[in-house]
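# Results of the structural survey
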Amino acid sequence: MKIFKNEIDLKFIKQQIAEQIGVTIDVTSTDRSFTNVSDLREANERSICFYESERYIDDFRASNAGLILVPKVIDCKPKENQVLLTVDKPYFLFMWLVSRWLELDNQASEKSISPLASIHPSAKIGQNVNIAPYVVIEEGVEIGDNTCIGSHTVILTGSKIGHSCKVYPNVVIYHDCKIGDKAIIHSGAVIGADGFGFLPLNGVQIKVPQVGNVVIEDDVEIGANTCIDRSTIGTTLIKTNAKIDNLVQIGHNSRVDEHSVLCSQVGLAGSTHIGKSVYLAGQVGVAGHLKIDDDTLVGAQSGVPASLPTGKYFGSPAISAFEQKKIVGSLKDLPSVVRFVKKMMKEEA
Amino acid sequence: MKIFKNEIDLKFIKQQIAEQIGVTIDVTSTDRSFTNVSDLREANERSICFYESERYIDDFRASNAGLILVPKVIDCKPKENQVLLTVDKPYFLFMWLVSRWLELDNQASEKSISPLASIHPSAKIGQNVNIAPYVVIEEGVEIGDNTCIGSHTVILTGSKIGHSCKVYPNVVIYHDCKIGDKAIIHSGAVIGADGFGFLPLNGVQIKVPQVGNVVIEDDVEIGANTCIDRSTIGTTLIKTNAKIDNLVQIGHNSRVDEHSVLCSQVGLAGSTHIGKSVYLAGQVGVAGHLKIDDDTLVGAQSGVPASLPTGKYFGSPAISAFEQKKIVGSLKDLPSVVRFVKKMMKEEA
Amino acid sequence: MKIFKNEIDLKFIKQQIAEQIGVTIDVTSTDRSFTNVSDLREANERSICFYESERYIDDFRASNAGLILVPKVIDCKPKENQVLLTVDKPYFLFMWLVSRWLELDNQASEKSISPLASIHPSAKIGQNVNIAPYVVIEEGVEIGDNTCIGSHTVILTGSKIGHSCKVYPNVVIYHDCKIGDKAIIHSGAVIGADGFGFLPLNGVQIKVPQVGNVVIEDDVEIGANTCIDRSTIGTTLIKTNAKIDNLVQIGHNSRVDEHSVLCSQVGLAGSTHIGKSVYLAGQVGVAGHLKIDDDTLVGAQSGVPASLPTGKYFGSPAISAFEQKKIVGSLKDLPSVVRFVKKMMKEEA
């Protein structure tokens, strides 16, 4: 159960939901207010919940929630003192409401610049910025309005962060990088560490200097302990609204286009170009110097050795998911088939 | 070689070992004391070592260790001034002894709350707690007795940590999470970052707010740079005595039951339920919304796409280890079999 | 585009390049100086670039770069005011020059010990060391000359770091570890956390104490968020000039020999021995208690279950890359072959 700092009432809820979509509201009581969201089972009279899948019909029936967002097709009456809000997409609207509620709480929280932070006098800090204790902000850094920087986060020389960003504690942003507006960066993420490049000379690995940077556009989310390396020369680029999970590796000079989703533990080698609205499932590895076209889906643990036109892929090496499924289905017969054919081959020889 | 702060003597050793199991002690000298543990080769007269596998018989014979724990079946005499302790399980008892010795050293080390830490006045800090420099403890946090918090660790609003925990430097525990007693959390671990959830709306990824938390029960160990995400609603749960290695990803709303072991770089997608005493080897990936039953073993790099009843599994997608082994064994013949059969198919056509 | 603090002129460039290899310099203007390096397209008259592959011939022809390193075989005249330096290996020499230029800039940067760092009085700090704010240096630590320690980095009791190292922010080095000279350690790396060892006793996982350490020799680079665990007893060893990328896991008691390259997200289980000049591509997993011989290449995502003699390997489980390639090539025919043979088997039965 998530208990919020601010109570909200049905009027607020109606306003927020109406902003997103027109709704029919079946209100048996109009003077109700709510303090929390929870799942149906642990809900109380001050909880807001949603009910969408019939799989949870028993939980729905037993729930003590004060307000439940329900789908249009439901055939169920509210309990006494329970409000059912009938909407098209209960889960979506519930989450929309929670987001607005969190914003309400966040607006109420005070912002300040901790005297325990170390901020270079040349840094430009916007209005209404929160800087937590032990943050380090080096020379020439710029931070936009309404951005929050969590404790221990380090922003090295010359990097710029846009407005309304949320940077959690213990993030490191190396020098000369750029983060757009409304970005969320989780703890332990490392933005702009050196790309991994060496030239062997008489058997010794000689470091290739990495003098490029990382640019992250607006509305990007970056997961905990994810690494996005700076390019050798030029820019490693994460475009608007891309979403990157925890423990992902993005090699130098790579590019991830708009709205793409990279799940946890994905790895992109260097100079990899991921198109728009691509979905890479968990633990996928993508080789370097290739392009994955827009709207492509790659299944979990797949290994992508070459460029992929738009489609669905799976396997290591990744091929068409349709073909791969047939191969995987055939494998169970492989031992008996091999035994049978080897016998034939022997007889023939 | 590990040199301890405190010396221990044979009497202490006998006491500690007797606590664990009855032993026969063959003592040629009773007034000995020891300062270190090491492997057999680098040992000196003040070292304690163990010898268990015949593979190391030469090291054993050449060793200058002052005390060696040896198995019952050994046919070997101690050197002059060398003590051989005959026990059932030398490795196990050696490690037991080392643990007790480390505790002895730790008891002797002073605990204090660094004036360089930033602790909210509302936080409740137990007795005999160590808080290192630059720790950040936010509003409403609770820390149990005898717990050590390493430098730079950040504990956000409302989180609770039990007694006798060891939290290493640079850990981040997000808000509203709960850690039980005797937990060990290694550096860089991130507990409670947002689960990875988005709903596409007209091609744009809309963030699903993550308002649940993480609960970690007693005696859990969490490796370096491991990420355990908070649930969307409700709790991501790690139960008593589960052991999680480095760089592991545990997705939102997942659950890991008692005594399970997750090796390095394992990834669990969302709403994954790992039963009791399950063993997931390194780099295993487990899809979401499924259950792995108690006592199951999954081999390294396997990919688990669906629920697994108790058993041994291997491969990506993971199937019965027994079947997978046969398939892997057949693959080497695949190229010749395919060539032979394709020729037949051509002749028949 | 990377803009340097110091300008350099052709004389400096000639000196630096001559140090590495004799060159022919075709100079149309001798009094030029440069401020930046960039790729050919965004270059200006004060940029230094390289041109090596014909793939970029259009960029080369259109470039406004002031100086371009070109290969001997080029058939192209410089633009007015453009200098072309004809050399054997333009990319290599360009990178050599950039490295020297970075060194020039770094020499110019002031070094100091931040009053915001927490340094134990017993620590031995060398000459010309830079220690950033909020660094924690515990009892008995030693830091060699000219080493830079980034903010928030924590070095626990008794660890030693050599000279001319660069340790980025937020690194944790546990107690009793040793780092050689000229090492580079990126943010979030954790050196010396406990190895992952448990002994089950009546179903409960009992921790095996980890009382060894980590030794990293000279000229090693360690990527962001990489974990190198301390050994149970003895040493986890990374030898001279080994290069380790981001998010790599090196289990306890492992050893990586000289000049080996471990790409991102590689995992080594415990007691794994990687020979000299081995190349492990991204996401490779290597089981414990085995040896990979010198000069071996292992392809991306491979799983190594047993020791490998020198060669090229691929797949999970990894076999000879030559054999694996044949198997992968045969798999596309597997479904039709299985269908055909199963029909035959049925007819025969």
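Given the structure is predicted, the values throughout are model-derived calculations rather than measurements. Per-chain numbering applies: the sequence of each chain, read as written, is numbered from 1 onward. The order in which chains are written sets their letters, starting at A; the order in which ligands are written sets their numbers, starting at 1. Whole-chain, interface and lining totals are the exception, using all residues; otherwise, since this is a predicted model, local features are given only for residues with pLDDT of at least 70 and side-chain atom pairs are given and counted only at 80 or more. Here the side-chain values reflect all heavy atoms present in the structure, with hydrogen atoms and water set aside.

## So, the pattern of salt bridges
Here, a salt bridge means any side-chain nitrogen of Lys or Arg that lies within 4 Å of a carboxyl oxygen of Asp or Glu. Counted by the stated rule, this structure contains 48 salt bridges over all chains. When the shortest N-O distance is used, the salt bridge between E142 of chain C and K160 of chain C registers 3.9 Å. Here E142 of chain C is found in strand β11 (residues 142-143), whereas its partner K160 of chain C is found in strand β14 (residues 160-161), with 18 residues between them in sequence. Counted as one network, the salt bridges with shared partners bring together D39, R41 and D59 of chain A. Each helix is a run of H or I in the DSSP string that is no shorter than four residues. Each strand is a run of E no shorter than two, and both are numbered from the N terminus.

## Topic: the interface of chain B and chain A
Any two residues having at least one pair of non-hydrogen atoms within 4.5 Å are treated as being in contact. Opposite the 59 residues of chain B that make contact, chain A presents 54 residues. Accessible area that two parts lose when put together, evaluated with a 1.4 Å probe and summed over both, is termed the buried area. For the chain B and chain A pair, buried surface summed over both sides reaches about 4500 Å², with 67% attributable to carbon and sulfur atoms. Linking chain B to chain A there are two salt bridges. Note that D333 of chain B and K342 of chain A form a salt bridge whose closest N and O atoms lie 3.1 Å from each other. As used in this structure description, the phrase polar contact means that two N or O atoms lie within 3.5 Å; if the pair is within protein, one of them must be able to donate a hydrogen and the other to accept it, and residues adjacent in sequence are counted only when both atoms belong to side chains. Taken together, chain B and chain A are joined by 24 residue pairs in polar contact (both at pLDDT 80 or more). When residues in the side of chain B that touches chain A are grouped by element, the largest group, six residues, is from helix α5 (residues 334-348) of chain B. When grouped by side-chain class, the residues that make up the side of chain B that touches chain A number 33 nonpolar, 20 polar and six charged. Side-chain classes are defined by residue name, with Ala, Val, Leu, Ile, Met, Phe, Trp, Tyr, Cys and Pro counting as nonpolar, Asp, Glu, Lys and Arg as charged, and the others, Gly among them, as polar.

## Points about the interface of chain C and chain A
Listed as interface residues are 54 residues of chain C and, on the opposing side, 59 residues of chain A. Taken over both partners, the interface formed by chain C and chain A buries close to 4500 Å², and the fraction arising from carbon and sulfur atoms is 67%. Taken together, the links from chain C to chain A amount to two salt bridges. Taken together, the links from chain C to chain A amount to 24 residue pairs in polar contact (both at pLDDT 80 or more). Broken down by secondary-structure element, the contributors of at least two residues to the side of chain C that touches chain A are α3 (90-108), β26 (243-244), β29 (261-262), α4 (321-331) and α5 (334-348) of chain C. Sorting elements by how many residues they give to the side of chain C that touches chain A places α5 of chain C first, with eight residues. Looking at the side of chain C that touches chain A residue by residue, the class counts come to 28 nonpolar, 17 polar and nine charged.

## A few points about the packing of aromatic side chains
Pairing of aromatic rings covers Phe, Tyr and the six-membered ring of Trp, with a centre-to-centre limit of 6.5 Å; geometry is then stacked below 30 degrees between planes, edge-to-face above 60, and tilted otherwise. For the coordinates displayed, the defined rule picks out 21 aromatic pairs over all chains. Where Y134 of chain A meets Y134 of chain B, the ring centres are 5.3 Å apart and the plane angle is 75°; that geometry is what we call edge-to-face. Here Y134 of chain A is found in the loop between β9 (130-131) and β10 (136-137), whereas its partner Y134 of chain B is found in the loop between β9 (130-131) and β10 (136-137) on a different chain. Its relative accessible area of 3% is what places Y134 of chain B among the buried residues. Look at F50 of chain B and F94 of chain B: their rings are 5.0 Å apart centre to centre, the planes differ by 45°, and that puts the pair in the tilted class. Of this pair, F50 of chain B sits in strand β4 (residues 47-50) while F94 of chain B sits in helix α3 (residues 90-108), and the two are 44 residues apart along the sequence. Look at F94 of chain B and you get buried, because its relative accessible area is 1%. Looking at K166 of chain B, its charged tip hangs above the ring of Y168 of chain B, at a distance of 5.0 Å from the centre. For every residue, the accessible area (1.4 Å probe, protein chains only) is compared with the maximum for its type, and the residue is labelled buried under 20%, exposed over 50%, or partly exposed between those bounds. Charges are assigned to positions over rings by a cutoff of 6 Å between ring centre and Lys NZ or Arg CZ, combined with an angular limit of 35 degrees from the ring normal.

## Concerning the side chain of H186 of chain B
Tracing the sequence through the fold places H186 of chain B in the loop between β18 (184-185) and β19 (190-191). Judged by its relative accessible area of 1%, H186 of chain B is buried. Of the polar contacts made by the side chain of H186 of chain B, one reaches the side chain of E221 of chain B; its length is 2.9 Å. Among the polar contacts made by the side chain of H186 of chain B, one reaches the side chain of Y174 of chain C at a distance of 2.8 Å. Apart from residues lying up to four places away in sequence, H186 of chain B is in contact with Y168, V171, E221, I222, G223 and A224 of chain B together with Y174, A193 and D194 of chain C.

## A few points about the domain arrangement of chain A
Where a domain begins and ends is set by an automatic assignment or by a domain database. When the domains of chain A are assigned, the result is domain 1 (2-108) and domain 2 (118-325). Between the C-alpha centres of domain 1 of chain A and domain 2 of chain A there is a distance of 36 Å.

## Re the relation of the copies chain C and chain A
The copies were overlaid with a least-squares fit restricted to C-alpha atoms from residues scoring a pLDDT of at least 70 in each copy. Once turned by 120° and shifted 0.0 Å along the axis, chain C lies on chain A with an RMSD of 0.1 Å. Each copy turns onto its partner about a three-fold axis.

## A word on the pairing of strand β3 (residues 33-37) of chain B
Residues and elements named next belong to chain B. Counting buried residues along β3, four of its five residues qualify, which places the element largely inside the surrounding structure. Strands qualify as paired when DSSP identifies two bridges or more between them. Relative to β3, strand β1 (residues 2-9) is paired through four bridges, and the arrangement is antiparallel. In the strand pairing of β3, I3 is matched with N36. Bridge analysis of β3 against β4 gives two bridges, and the strand direction is parallel. Bridging from a neighbouring strand, V37 pairs with I48 of β4.

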